[in-house]
Amino acid sequence: MPKGRAATLLANAALFQLGWFACVFSPEHPRLLLVPLLVLGLHIGWLSSWAAEGKLLLGSLLIGVTLDSALLHLGLFDFGQPRLLVPLWLALLWPLLASTLRHSMAWTAQPWWRASLLGATSAPLSYYAGAQLAGVALPYGTATTLLTLALIWAAVFPLLHRLARSG
């Protein structure tokens, strides 16, 4: 891998992590929501382009808000107040994740079972850590929530990679 490409992939991964932490700490510090917006802007302007990534970022946002809002209405998450959709900080995690699919996380796409295995293991842990940091309750309990998320993400992550390939 060329030196410049490695630096770009590392920057993509680091910016995703920065955005993730800003999102999960934003319920206590709302101004932190500027960080994921800046990260996404940098991604589009520096690592990619709107034409190349816009469909993927918006598609992932719509998929994510729909999925997480459905899980909210099924009682898997409790944000402490009634709501129709998940909060902005959780919604922003979806385009942040999508910003890695063609870059630092591209290696997870093939074979399909790698994406499935990674989705089933890492996504539930990410949700759990985020819930702990953001003060989100898991009414069905940790084990049930993590198992449910593992089953869902075993399918979701390969589908997100498919969306990334289609654009």
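For the structure, check the block above.
In this text, all values refer to a predicted model and were calculated from it rather than measured experimentally.

### Thoughts on helix α3 (residues 50-73)
Right, on to step 1. Compared with the 34 Å implied by 1.5 Å per residue over 24 residues, the 32 Å span of α3 between its first and last C-alpha is a close match.
Right, on to step 2. Positive phi appears at Gly75, one or two residues downstream of α3, with a value of about 90°.

### Examining unusual backbone geometry
Right, on to step 1. In this structure, Pro111 follows Gln110 across a cis peptide bond, with omega equal to -5°.
Right, on to step 2. With respect to the helices and strands, Pro111 occurs in the loop between α4 (88-101) and α5 (112-134).

### Considerations on the pattern of salt bridges
Right, on to step 1. Going through the model one piece at a time under the given rule, you end up with one salt bridge.
Right, on to step 2. Taking the shortest distance from any N to any O, the salt bridge between Arg102 and Glu53 comes out at 3.0 Å. Taken together, the residues Arg102 in the loop between α4 and α5 and Glu53 in helix α3 connect sequence positions 49 residues apart.
Right, on to step 3. Since its relative accessible area comes to 1%, Glu53 is described here as buried.

### A word on the packing of α4 against helix α6 (residues 142-166)
Right, on to step 1. The interhelical angle for the contact between α4 and α6, taken along N-to-C directions, is 60°, at an axis separation of 10 Å. Classified by the angle between their axes, α4 and α6 sit oblique to one another. In the packing of α4 onto α6, the handedness of the crossing is right-handed. On the side of α4, the interface is formed by Trp94, Leu97 and Leu101, while α6 contributes Trp153, Val156, Phe157, Leu160, His161 and Ala164.
Right, on to step 2. Partitioning the contact of α4 with α6 into residue classes produces eight nonpolar, one polar and no charged.

The rules we used
Residues numbered from 1 in each chain as written. Predicted model: local features only at pLDDT ≥ 70, side-chain atom pairs only at ≥ 80, totals over all residues. Heavy atoms only, no water. Helix = DSSP H or I, 4+ residues; strand = E, 2+ residues; numbered from the N terminus. Expected span 1.5 Å × (residues − 1). Salt bridge = Lys/Arg side-chain N within 4 Å of Asp/Glu carboxyl O. Buried < 20%, exposed > 50% of the residue type's maximum accessible area, 1.4 Å probe, protein only. Axes fitted to C-alpha atoms, helices over the stretch in contact; angles between N-to-C directions. Parallel < 35°, antiparallel > 145°, perpendicular 65-115°, else oblique. Left-handed = near helix turned anticlockwise from the far one by under 90°. Contact = heavy atoms within 4.5 Å. Nonpolar A, V, L, I, M, F, W, Y, C, P; charged D, E, K, R; others polar.

Everything listed is a geometric property; what it means functionally is a separate question.
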